[in-house]
Amino acid sequence: MAEILVLFYSRKGSTAELARQVCRGIESVTGAKARLRTVPQVTTVIEQPEPPVPSEGPPFATHDDLRECDGLVMGSPTRFGNMAAPLKYFLDGTSALWATGELAGKPAGVFTSTQTMHGGQETTLISMMLPLIHHGMYIVGVPYTEPALTHTRSGGSPYGASHVAGLSPQGKLTEDERLLAALLGKRVAELAVRLGNAK
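Now for a quick tour of the structure.

Scoring rules and cut-offs
Residues numbered from 1 in each chain as written. Predicted model: local features only at pLDDT ≥ 70, side-chain atom pairs only at ≥ 80, totals over all residues. Heavy atoms only, no water. Helix = DSSP H or I, 4+ residues; strand = E, 2+ residues; numbered from the N terminus. Expected span 1.5 Å × (residues − 1). Buried < 20%, exposed > 50% of the residue type's maximum accessible area, 1.4 Å probe, protein only. Pairing = 2+ DSSP bridges. Right-handed = clockwise from strand over helix to strand, strands pointing away. Core = buried A, V, L, I, M, F, W, Y, C linked by side-chain atoms within 4.5 Å. Contact = heavy atoms within 4.5 Å. Axes fitted to C-alpha atoms, helices over the stretch in contact; angles between N-to-C directions. Parallel < 35°, antiparallel > 145°, perpendicular 65-115°, else oblique. Left-handed = near helix turned anticlockwise from the far one by under 90°. Nonpolar A, V, L, I, M, F, W, Y, C, P; charged D, E, K, R; others polar.

1. So, helix α7 (residues 175-198)
And then number 1: Along its 24 residues, α7 runs 35 Å from first to last C-alpha, staying within 8% of the 34 Å computed at 1.5 Å per residue.
And then number 2: What α7 keeps buried is the set Glu177, Leu180, Ala181, Ala182, Leu183, Leu184, Gly185, Val188, Ala189, Ala192 and Val193.

Following this line, the structure appears as structure tokens:
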């Protein structure tokens, strides 16, 4: 069974909803299952350490989650055209995994959410790809053979799944955004299964 890690950070829920759709796509693939994880906030004031398990939502990710996964789909809201600090902080701590090549040869995809249409979605997606490329992962995007990528009037990019929160009430995903997020999860899972079968 290929296990795909869906790792995300979300403040207002839109990125978390994209993560759930990615999981839905992963679970649609025979021989694949999703492992949903998040990361804690990063603050400038340290009052007490975060508990190992958050009070609600999925557990916090560990380096073991990365070691054990057969593929990765990672998501973050946009922060000035870049990934959010909590996800970057988590990735910055993975140099030991890089040194041993733990992630090399595994497929990976990325997703994001912005408030506005031109809020830096594509640069954020690329910013998340860069450390994954350094880890030796295979980057998986969304092809234009998927009709929703051409039809969408909100989120969606060949670089990965996305959502424009300001275009819908309470940041609810559009049908195209849901389809593209699920497709991204499905593509990463399919590749992970194929790579596993080739071993």
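2. Focus on the pairing of strand β2 (residues 32-38)
And then number 1: Examined bridge by bridge, strand β1 (residues 2-8) and β2 share seven bridges and lie parallel to one another. Bridging across to β2, Leu7 finds its partner in Arg37.
And then number 2: Assessed by its sense of winding, the connection that carries the chain from β1 through helix α1 (residues 14-27) to β2 is right-handed.

3. Points about the nonpolar core
And then number 1: Ranked by internal contacts, the top residues of the largest apolar core, which has 28 residues, are Ile4, Val6, Val22, Ile26, Val73 and Phe111.
And then number 2: Among the elements of the structure, β1, α1, α6 (147-151) and α7 are those that each provide at least two residues to this core.
And then number 3: If one sorts the elements of this core by residue count, α7 sits on top with eight residues.
And then number 4: Residues within four places of Ile26 in sequence aside, it is in contact with Ile4, Val6, Ala32, Lys33, Ala34, Val73, Gly185, Lys186 and Ala189.
And then number 5: Formed by 23 residues, the second largest nonpolar core is a distinct cluster that contains Val39, Met83, Leu91 and Leu97.

4. Considerations on the packing of α1 against α7
And then number 1: Axis separation between α1 and α7 bottoms out at 6 Å; the angle between their running directions is 50 degrees. One way to sum up the angle between α1 and α7 is to call them oblique. Note on packing geometry: the crossing formed by α1 with α7 is right-handed. Packed against α1, whose contacting residues are Leu18, Gln21, Val22, Arg24, Gly25 and Ile26, the element α7 presents Glu177, Arg178, Ala181, Ala182, Gly185, Lys186 and Ala189 at the interface.
And then number 2: Split into classes, the residues belonging to the contact of α1 with α7 amount to six nonpolar, three polar and four charged.

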